Amino acid sequence: MRKFYLIALFLMLILLIGVFPQEGVTTKKASGLSGCGNKETIGRVYVGGSQGLVVNFRPEEPPEVVLDESLEPFTVAFEIKNRGEYNLKEGEASIILSGINAEDFGLEGSISSSISNNRDPIPGRVKIGNDIVEPASGEILFDSPAGYRVDLEQDFNARIRADICYFYNTEAVSNLCLKYNPIQRRPELDVCRIDSSKSTENSGSPIHFENFRESRSGTREVRFSVDVINVGGGDVFIPEEFRDDTPCIEDLEPNSMERGLVKNYIYVEVIPQSSVYGVTCSRLNSATNGLVKLVDGKARIDCAVSTERAQDTAFEVPVKLFAAYSYRDFVEKQISVENARIRGLEDTGSGTLYT
């Protein structure tokens, strides 16, 4: 009987641990339509992560093998998964096809016919309590069917590349430690340290704010610095670039000064979350917002914070960081184009193939 009670008590403890999660949110239950139970580290404010949109060819669109002479028309379509937390609106993502001769594949030889946009919103992931709600996948379609028009002498392989250019946002939060006279040290009264690194939490996105550090600057001022880093592995462009006729393809006009001013630039904003302090940032023309250029995928923002209106004892206040940009990634797929005649196939003119 004693053994039975010990087993029952052990089972009750396991159930209680599962029902009441610990204070620090470290795991997730995927509570979307899939009902999956995969665990993933998440933050207190955001889901987090270093991805934005993830694009893949839909199965058999295009197929891996097609015949020449337009005998096997096919469609090109993509599944789009939003692995970040920005909700894309209609038309905020574009896919441009390359790597193939557009005219040979029935795309009329015009680069505009090789571009398509999302026609519906593509929502991002959402954190609700300790759970992540996974959104449904979006899609980008090319309406006109393609097909290899040329009568080949022999088989050949083509590699089709799809560049996706999309608009995206990053939000991040951190804390500042402030007091009227930052130079004065009163460890017995101060609840926070000014000269220290601060933790930063980012929303799920390919651009992150990292290495937030605060320091004393004078009797009425503190300073902080934070790095803006491309963590997604793709290319970043100015926010408006996704609307361009040839979005995020800077090498179409390599000698154009205008095109050279769009890549590696992002819009950054520092947003004070309290009325007791003001912020000026040197890289942002002594303001709190503006374009910043990334060099080797990184830029540092340095800001000064006035403490003229702060109280005598130290206190913490939140600061919000924001970035807007266009982002480019790509996916490739090989297509084998086969000679129909070698395989004993011919077109009767009625769309029927015979051997």
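For the structure, see preceding data.
Predicted, not measured: the structure shown is a model, and the values here were computed from it. (Residues numbered from 1 in each chain as written. Predicted model: local features only at pLDDT ≥ 70, side-chain atom pairs only at ≥ 80, totals over all residues. Heavy atoms only, no water.)

(A) Main features of the sheet that holds strand β4 (residues 74-82). Pairing is antiparallel across the open sheet formed by 3 strands, whose spatial order is β2-β4-β9. Both outer strands of the open sheet, β2 (53-57) and β9 (138-146), are each paired with one neighbouring strand and no more. Here the average twist between neighbouring strands, direction ignored, is 20°. Where β4 lies against β9, 6 bridges are found, and the strand directions are antiparallel. Paired with I80 across the two strands is G138, which belongs to β9. (Pairing = 2+ DSSP bridges. Helix = DSSP H or I, 4+ residues; strand = E, 2+ residues; numbered from the N terminus. Axes fitted to C-alpha atoms, helices over the stretch in contact; angles between N-to-C directions.)

(B) Quick look at the packing of aromatic side chains. Under the defined criterion, the tally for this structure stands at 12 aromatic pairs. Both rings, one in Y86 and one in Y168, keep their centres 5.4 Å apart while their planes meet at 70°; by these two values the pair is edge-to-face. Linking Y86 in the loop between β4 and β5 (93-98) with Y168 in strand β10 (residues 156-178), this pair joins segments that are 82 residues apart in sequence. We note that Y86, like Y168, is buried. With 5.6 Å between their ring centres and 85° between their planes, Y166 and Y168 make a pair best called edge-to-face. (Phe/Tyr/Trp six-rings, centres within 6.5 Å; stacked < 30°, edge-to-face > 60°. Buried < 20%, exposed > 50% of the residue type's maximum accessible area, 1.4 Å probe, protein only.)

(C) Focus on the sheet that holds strand β14 (residues 221-230). One open sheet holds the 5 strands; their spatial order is β11-β13-β14-β19-β17, and the pairing between them is antiparallel. In this open sheet, the two strands that pair with only one neighbour each are β11 (196-198) and β17 (278-281). Across the sheet, the mean angle from the axis of one strand to that of its neighbour is 25°, orientation sign disregarded. Two strands pair when backbone bridges link them, and β11 and strand β13 (residues 207-218) are joined in this way by 3 bridges, in the antiparallel orientation. For K198, the partnering residue across the bridge sits in β13 and is F212.

(D) Structural detail: the environment of F167. With respect to the helices and strands, the residue F167 is situated in strand β10. Once the C-alpha coordinates of F167 and Y86 are considered, the two residues, 81 residues apart in sequence, prove to be 9.1 Å apart.

(E) Quick peek at the environment of S286. By the element assignment, S286 lies in the loop between β17 and β18 (289-293). Overall, the relative accessible area of 52% leaves S286 in the exposed class. Taking C-alpha positions, S286 is 9.1 Å from A304, a pair spaced 18 residues apart along the chain. Residues contacting S286, with those up to four places away along its chain left out, are T280 and C281. (Contact = heavy atoms within 4.5 Å.)

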